[in-house]
Amino acid sequence: MRGRSVLLIIGGGIAAYKSLDLIRRLAERGVKTRAILTRAGAEFVTPLSVAALTTEKVYSDLFSLTDESEMGHIELSRAADLVVVAPATADLMGKLAGGLASDLASTALLATDKRILMAPAMNVRMWQSPSVRRSAETLARDGVLFVGPNDGEMACGEFGPGRMAEPLEIVAAIERALEIRGGALGGLKALVTAGPTQEPLDPVRFIANRSSGKQGYAIAAALAAAGADTVLVSGPVDIAASPHVKLVKVTTARDMLAACEAELPADIAVMSAAVADWRPDIAAGSKIKKGADHSIPTLKLVENPDILATLGHHRNRPRLVIGFAAETDDVLAHATAKRARKGADWIIANDVSTDDKGESVMGGDRNQVHLITATTQERWPQMAKADVARRLVQHITQHFQGTDS
Ligand SMILES: Cc1cc2nc3c(=O)[nH]c(=O)nc-3n(C[C@H](O)[C@H](O)[C@H](O)COP(=O)(O)O)c2cc1C
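None of these values were measured; they are calculated from a predicted model.

On to the overall build of the protein. Within the protein, the secondary structure is distributed over 14 helices and 22 strands. Seen along its three principal axes, the alpha-carbon backbone of the protein occupies a region of about 70 × 65 × 45 Å. Per-residue burial over the protein gives 42% buried out of 405 residues.

Another point: the site of the ligand. As a structural note, the neighbourhood of the ligand is formed by 17 residues, with G12, G13, A40, T89 and D91 the closest of them. Ranked by residue count, the leading element in the shell around the ligand is helix α5 (residues 90-98), at three residues. Looking at side-chain class alone, the shell around the ligand contains 10 nonpolar, six polar and one charged residues.

A few words now on the environment of S212. Mapping S212 onto the fold places it in the loop between β11 (205-207) and α10 (214-225). Between the alpha carbons of S212 and G291 there is a distance of 35 Å; along the sequence they are 79 residues apart.

This brings us to the nonpolar core. Grouped together as the largest cluster of nonpolar side chains are 58 residues, with contacts concentrated most on A220, L223 and L232. Counting residues per element, this core draws most heavily on α10, at eight residues. Residue contacts for L232: discarding those within four places in its chain leaves V192, A194, Y217, A220, A241, V245, K246, L247 and V248. I23, L26, L53 and A105 belong to the second-largest nonpolar core, a separate cluster that totals 56 residues.

Moving on, we get to the packing of α5 against helix α8 (residues 130-141). At a closest axis distance of 9 Å, the pairing of α5 and α8 adopts a crossing angle of 55 degrees. If you check the angle between α5 and α8, you find them oblique. Crossing hand, α5 versus α8: left-handed. Packed against α5, whose contacting residues are A90, M93, G94, L96 and A97, the element α8 presents S131, V132, S135, A136, T138 and L139 at the interface. Broken down by class, the residue content of the contact of α5 with α8 amounts to seven nonpolar, four polar and no charged.

It is worth spelling out the domain arrangement of the protein at this point. Taken domain by domain, the protein consists of domain 1 (5-181) and domain 2 (189-400). One C-alpha centre belongs to domain 1, the other to domain 2, and the line joining them spans 36 Å. Counting residues at the interface gives seven residues for domain 1, matched by seven residues for domain 2. Elements represented by at least two residues in the side of domain 1 that touches domain 2 include exactly α8 and α9 (167-181). Each residue belonging to the side of domain 1 that touches domain 2 can be placed in one class, and the counts come to three nonpolar, one polar and three charged.

So, about unusual backbone geometry. Here A86 and P87 are connected by a cis peptide whose omega angle stands at -5 degrees. If you trace the backbone, P87 turns up in strand β4 (residues 82-88). Within the chain, T55 stands out as a residue other than glycine whose phi angle is a positive 50 degrees. Tracing the chain through its elements places T55 in the loop between α2 (47-54) and β3 (58-59). Owing to 11 C-beta atoms within 10 Å, T55 belongs among the exposed residues under this scheme. Of note, the phi angle at H294 is positive, near 60 degrees, even though the residue is not glycine. By the secondary structure assignment, H294 is in the loop between β15 (278-280) and β16 (301-303).

What counts and how
All residue numbers refer to position in the chain's written sequence, counted from 1. Only residues with pLDDT of at least 70 get local features here, since the model is predicted, and only at 80 or more are side-chain atom pairs given and counted; chain-wide, interface and lining totals rely on the full set of residues. Note on conventions: DSSP H or I runs of at least 4 residues are helices, E runs of at least 2 residues are strands, and numbering of each starts at the N terminus. Exposure classes come from backbone-placed C-beta atoms, where a residue is buried if 20 or more other C-beta atoms lie within 10 Å of its own, exposed if 12 or fewer do, and partly exposed in between. Residues are classed as near a molecule or strand if the C-beta position derived from their backbone is within 6 Å of it. Residues are grouped as follows: nonpolar covers Ala, Val, Leu, Ile, Met, Phe, Trp, Tyr, Cys and Pro; charged covers Asp, Glu, Lys and Arg; every other residue, Gly included, is treated as polar. Working definition: the nonpolar core is a set of buried Ala, Val, Leu, Ile, Met, Phe, Trp, Tyr and Cys residues, joined through C-beta atoms within 7 Å. Think of it this way: build a C-beta for each residue from its backbone, and any pair within 7 Å is a contact. Only C-alpha atoms enter the line fits that serve as axes; for helices the fit covers just the stretch in contact. Angles between N-to-C directions range over 0 to 180 degrees. By the definition adopted for this analysis, an angle is roughly parallel if under 35 degrees, roughly antiparallel if over 145, roughly perpendicular if from 65 to 115, and oblique otherwise. Note on convention: the crossing is left-handed when the near helix lies turned anticlockwise from the far helix by less than a right angle, right-handed when the turn is clockwise. Domain start and stop points were drawn from an automatic or database domain assignment.

What follows is the structure, encoded as structure tokens:
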């Protein structure tokens, strides 16, 4: 941990006193702390104590002319290796989950490009309230890490979950969070797409496909585990994303492309989503009704944007672009042609036709793929989708370390 730095946001809860000890524990381990103290936080610990322990200026005001000229709020949010919120109040959790930026702490949380670790502390009823549950779930889905809260007797005299984790537990969580960033792909940003897209016909009907998203979710988790700062842009599926990835949920191919472009620049793009090639030319504003004359509506389809080809030829092209080719016949020939046509570096090709038992890799837990690069074609044995993901990430790591053949 030595030499790393943390931006510590101290919210307004009684547990704020423990954050003073946290700063000391981090300093003992050679971790530099810079602090934002919320207005409410300053009711519990003084800016002077925080400044003395961090040996740094303490930041509190979003509209401070002096602070803004010395170090702007955006720079403040990004200068550290990790953002830690301790105590994370119901208020700060709700603001981040809702995208609010009404003070320096919440603005820094929205603006940061670093991982966020929260140590919640609040009354047990507050912690269990449906709205705080919703905030916690949203934040976890967005890739925010949590430590605690612990069960125990609270300052308010009640008993249950809500006590902030102890300083040494928070130090251990910080260590883990920093390790994640320091993995083989630390410092690189990865963009992964997964799942199907849904192309609406009217408010209740859509055209989609059988993609489950499992392979893409596994790849995103493996990239994040290797330290990449990972964004997963997912079509509508019902599986949980790794808490270490930032999840962006979309519905249509056009939404998916816009979400991907908004995440550029990135170093690695793995486009595993089964994007609909076509969409109905018009999505009716109200449900299409059966006519009395039993006439059957005619569907006119128009082409969707090609997300892989767009990124493969983008002016902000990721350094490594990997596409998926789900084919039902002539898998290798089609995939090889696709690699060149789409401007991809590698293609992962798989046969998605149903096997003798009527099973398809779409929706299943196993996959059998080929990795096709400019110079090689490798057939991988059938394995669990999580293993395909890990093996792909090994190849990506070797590529960035310049050791792939
Ligand atoms: C004595 C006292 C203790 C409080 N303790 C907590 C707490 O532990 N957790 C919490 O979420 N809010 C607590 N609050 C409420 C917050 O201080 C309040 O919601 C404040 O607006 C939070 O601001 P901040 O999120 O910007 O720090 C407490 C309030 C008081 C008066």
